[in-house]
Amino acid sequence: MPSRGFSLVEMLTIMATVALLVALGTVMFQRYDRSFRREAQTRFILAELMKARMQAITQHRVIRVKLYPDRFEVYSSGTDDRNGASPYMVQQLRLPLSSNAVGFGGGAHVDFKETGLTDDWCSICVDADAQSPGLDSIVISATRMSPGSKDKGNECTSDNITIR
C-alpha cells in the first residue's frame, strides 16, 4: 500500500534544515549590513573632507573640520566653537570613529588652507572593533586623502592601513 504524504521524521528533518539555513543567512546578512554601513560612512566622511578642501580652494580661506568620536563639524573659517564661531554643518555618525589625530576625544581638527593643503596629518578609522575586511579608514596627508582598510593591526595609524 503506497503511503501518502511525509512521515514525522522527514518533516522534522526538513524543518531543522530550513531553520539552520535561516540562521546562517541571518548571520551573514548582519555581517554584510555592518560592513556596508561602515563603508558607506567612510565614503561619506571622505566626500565631506574633499568638499571642505574644495571650498578652501574656491573661497580662498581656511576651512576647518573637527572630528569627534560620534560626529564631525565643518566651519567656514579657521576658527571654531572655542573662538565663538559656530559650525555650518554638524553630522552625527552612526558608527564610532577613532583617530590618531592630536586631541581627538575633545575635537581634533583638520584645517584646509587656501591652497587645499593641510598640516594636520592623521588617520581616521570607522568602527575600530569591526573584524571583517572592507573600506574603513582614511589617511590624511598634506596633499591627499586616501581611503583604505585597517588590516595590519588594531590601532588607527597609517602604518596599519592599506591604501586602496
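Preceding block: the structure.
Residues numbered from 1 in each chain as written. Predicted model: local features only at pLDDT ≥ 70, side-chain atom pairs only at ≥ 80, totals over all residues. Heavy atoms only, no water.

*Asks:* Tell me about the sheet that holds strand 7 (residues 137–140), residues and numbers included.
*Replies:* Strands sit in the order 4-6-7-8-9 across an open sheet of 5 strands; the sheet is antiparallel. Only two strands of the sheet have a single neighbouring strand rather than two, namely strand 4 (97–99) and strand 9 (161–163). On average, each strand axis in the sheet is inclined to that of its neighbour by 30 degrees, with strand direction left out of account. Pairing analysis gives 3 bridges linking strand 4 to strand 6 (residues 122–126), with the strands arranged antiparallel. By the bridge assignment, Ser 98 is partnered in strand 6 with Cys 125. Contacting strand 4, strand 6, strand 7 and strand 8 (145–150), helix 1 (residues 8–59) crosses the sheet at an angle of about 25 degrees to strand 7. (Pairing = 2+ DSSP bridges. Helix = DSSP H or I, 4+ residues; strand = E, 2+ residues; numbered from the N terminus. Axes fitted to C-alpha atoms, helices over the stretch in contact; angles between N-to-C directions. Contact = heavy atoms within 4.5 Å.)

*Asks:* Explain helix 1 residue by residue, including any values.
*Replies:* For an α-helix, 3.6 residues make a turn, and residues three or four places apart therefore share a direction. With 52 residues, helix 1 should reach 76 Å at 1.5 Å per residue; the first-to-last C-alpha distance of 75 Å fits that figure. When we look at burial in helix 1, the residues that qualify are Ser 35, Arg 38, Gln 41, Thr 42, Ile 45, Leu 46, Glu 48, Leu 49, Ala 52, Arg 53, Gln 55 and Ala 56. In the segment just after helix 1, His 60 is the residue with positive phi, at about 55 degrees. (Expected span 1.5 Å × (residues − 1). Buried < 20%, exposed > 50% of the residue type's maximum accessible area, 1.4 Å probe, protein only.)

*Asks:* Tell me what's going on with the sheet that holds strand 2 (residues 71–75), and back it up with residues and numbers.
*Replies:* Overall, antiparallel pairing links the 4 strands, which are arranged 3-2-1-5 in an open sheet. Edge strands, defined here as strands with exactly one partner in the open sheet, are strand 3 (89–92) and strand 5 (108–112). Pairwise comparison of adjacent strand axes, ignoring direction, gives a mean angle of 15 degrees for this sheet. Docked against the sheet, helix 1 engages strand 1 (63–67), strand 2, strand 3 and strand 5, running at close to 160 degrees with respect to strand 1.

*Asks:* Kindly report on the packing of aromatic side chains, identifying the contributing residues and their values.
*Replies:* Describing an aromatic ring pair means giving the distance of the ring centres and the angle of the ring planes. Evaluated as defined, the whole model comprises 2 aromatic pairs. A ring pair is formed by Tyr 32 and Phe 36, whose centres lie 6.4 Å apart and whose planes are at 25 degrees; its orientation type is stacked. Taken together, the residues Tyr 32 and Phe 36, both in helix 1 and 4 residues apart, mark about one turn of the helix. Tyr 32 sits in the exposed class, given a relative accessible area of 54%. Their ring planes at 50 degrees and their centres at 6.0 Å tell us that Phe 44 and Phe 72 sit as a pair that is tilted. On the criterion of sequence distance, the pair formed by Phe 44 in helix 1 and Phe 72 in strand 2 is long-range, its members being 28 residues apart. Geometry around Tyr 68 places Arg 71 over its ring, the cationic atom sitting 3.8 Å from the centre. (Phe/Tyr/Trp six-rings, centres within 6.5 Å; stacked < 30°, edge-to-face > 60°. Lys NZ or Arg CZ within 6 Å of the ring centre and 35° of its normal.)

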